[in-house]
Amino acid sequence: GNSVTQMEGPVTLSEEAFLTINCTYTATGYPSLFWYVQYPGEGLQLLLKATKADDKGSNKGFEATYRKETTSFHLEKGSVQVSDSAVYFCALINPGTGYQKVTFGTGTKLQVIP
Amino acid sequence: NAGVTQTPKFRVLKTGQSMTLLCAQDMNHEYMYWYRQDPGMGLRLIHYSVGEGTTAKGEVPDGYNVSRLKKQNFLLGLESAAPSQTSVYFCASSYSKEWRAGTQYFGPGTRLLVL
């Protein structure tokens, strides 16, 4: 079956530091990959996505590149802000006929301190 | 557009009581989902629906029932609440076609405490 593995948190960084949150996956075929963000007290919201190998998703200064050879989709940001403090979820779906389950990772909490 | 809305936002129940959580979406999405989120457990899918009048079990369906009588609404019922059902419940919706089903729109959540 499909699975997503994220690095354990929490990750604590100082403001303006470089961020990497690792995500690796196991799936058959050609999954589409996603990063979601959950701010305190809110639901998840899509941050970025990539639907095929070598695609780079980007949004709000965050980037992730779909690496099929290493089955990875690591999230990066060059300079984090306090407002980026949240929980980040990596996810995948294997597009196909009919309903396909979305597999979420367990989430990585990021805390950015001033 | 309101997106995905959930009511109530917070509820306290006694063991054995029943309640219904309401989810509504105004994006004409085909798919709708109910998840629960517990500390250290990530998101777990309770039930889902691929269209009006259809429902299906997810990973953790026991103790819950659902209905989707209208395309825009997805109801989650607890017939006899148990302390193990204390959690934060999220509703989500999405389009159905291929990768678009992976782009899910989440509601703000319902915090449920069962005493």
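Since we're looking at a predicted model, the values are computed, not measured.

Thresholds applied
Residues numbered from 1 in each chain as written. Chains lettered and ligands numbered in written order. Predicted model: local features only at pLDDT ≥ 70, side-chain atom pairs only at ≥ 80, totals over all residues. Heavy atoms only, no water. Core = buried A, V, L, I, M, F, W, Y, C linked by side-chain atoms within 4.5 Å. Buried < 20%, exposed > 50% of the residue type's maximum accessible area, 1.4 Å probe, protein only. Helix = DSSP H or I, 4+ residues; strand = E, 2+ residues; numbered from the N terminus. Contact = heavy atoms within 4.5 Å. Buried area = accessible area lost by both parts, 1.4 Å probe. Salt bridge = Lys/Arg side-chain N within 4 Å of Asp/Glu carboxyl O. Polar contact = N/O pair within 3.5 Å; in protein donor to acceptor, adjacent residues only side chain to side chain. Phe/Tyr/Trp six-rings, centres within 6.5 Å; stacked < 30°, edge-to-face > 60°. 1 Å grid on protein atoms, 1.4 Å probe; cavity = no way out; pocket = protein on both sides within 12 Å on 5 of 7 lines; lining within 4 Å. Points joined across faces, edges and corners; volume = space filled by probe spheres on them. Nonpolar A, V, L, I, M, F, W, Y, C, P; charged D, E, K, R; others polar.

(A) The nonpolar core, seen in detail. Residues and elements named next belong to chain A. Core analysis: the largest hydrophobic core is formed by 26 residues, its most contacted members being Trp35, Leu47, Leu48, Phe73, Leu75 and Tyr88. When contributions to this core are tallied by element, the ones reaching two or more residues are strand 2 (11–14), strand 3 (19–21), strand 4 (23–26), strand 5 (32–38), strand 6 (45–50), strand 8 (62–65), strand 10 (86–93) and strand 12 (108–113). In terms of residue count, the dominant contributor to this core is strand 10 (4 residues). Beyond its immediate sequence surroundings of up to four residues, phenylalanine 73 is in contact with Cys23, Leu33, Phe34, Trp35, Leu48, Lys49, Ala50, Ala64, Thr65, Tyr66 and Cys90.

(B) Spotlight on the interface of chain B and chain A. Contact residues are listed per partner, giving 21 residues for chain B and 20 residues for chain A. Counting each side, the surface lost to burial between chain B and chain A is near 1600 Å², with a carbon and sulfur contribution of 66%. When the buried area of chain B at its contact with chain A is split by residue, Trp99(B), Gly102(B) and Phe106(B) rank highest and sum to 28% of it. Linking chain B to chain A there are 1 salt bridge. Put simply, Lys101(A) and Glu59(B) hold a salt bridge, and the shortest N to O gap is 3.7 Å. Applying the counting criterion to the chain B and chain A interface returns 3 residue pairs in polar contact (both at pLDDT 80 or more). Residue assignment for the side of chain B that touches chain A shows that the elements contributing at least two residues are strand 4 (31–38) and strand 5 (42–49) of chain B.

(C) The pattern of salt bridges, seen in detail. Overall, the coordinates contain 6 salt bridges over all chains when judged by the stated rule. Of the charged contacts, one joins Lys56(A) and Glu63(A) as a salt bridge, the two residues approaching to 3.6 Å between their closest N and O atoms. Residues joined in a network through salt bridges with shared partners are Arg36(B), Asp38(B) and Arg44(B).

(D) The packing of aromatic side chains, seen in detail. Under the criterion given, the structure shown has 11 aromatic pairs over all chains. Relative to Tyr88(A), the ring of Phe62(A) has its centre 5.6 Å away and its plane inclined at 40°; by these criteria the two rings are tilted. Of the two residues, Phe62(A) sits in strand 8 while Tyr88(A) sits in strand 10, which places them 26 residues apart along the sequence. With a relative accessible area of 1%, Tyr88(A) lands in the buried category. Note on Tyr64(B) and Tyr89(B): the rings are 5.9 Å apart at their centroids and 65° apart in plane angle, and the pair reads as edge-to-face. Linking Tyr64(B) in strand 7 (residues 64–67) with Tyr89(B) in strand 9 (residues 87–94), this pair joins segments that are 25 residues apart in sequence. Assessed through its relative accessible area of 9%, Tyr64(B) is described here as buried. Looking at Tyr89(B), the relative accessible area reads 0%, which means it is buried. An aromatic cluster is built from Phe34(A), Tyr36(A), Phe104(A), Tyr31(B), Tyr33(B), Tyr35(B) and Phe106(B), whose rings are joined through pairwise contacts.

(E) Seen up close, the layout of surface pockets. There is about 680 Å³ of room inside the largest pocket. In terms of lining residues, the largest pocket is bounded by 33 residues, among which Gln38(A), Val87(A), Phe89(A), Gln37(B) and Pro39(B) are the most central. Looking at the lining of the largest pocket, the elements that each hand over two or more residues are strand 10 and strand 12 of chain A together with strand 4 and strand 9 of chain B. Here the element with the most residues in the lining of the largest pocket is strand 12 of chain A; it accounts for 4 residues. Looking at side-chain class alone, the lining of the largest pocket contains 13 nonpolar, 14 polar and 6 charged residues. Estimated volume of the second largest pocket: approximately 170 Å³. Taken together, 13 residues line the second largest pocket, and the ones lying closest to its centre are Lys101(A), Thr103(A), Phe104(A), Leu43(B) and Glu59(B). Breaking the lining of the second largest pocket down by element, the ones donating at least two residues are strand 11 (102–104) of chain A together with strand 5 of chain B. Looking at which element gives the most residues to the lining of the second largest pocket, the answer is strand 5 of chain B, with 4 residues. For the lining of the second largest pocket, the residue count by class is 6 nonpolar, 4 polar and 3 charged.

Geometric values such as these leave the question of function open.
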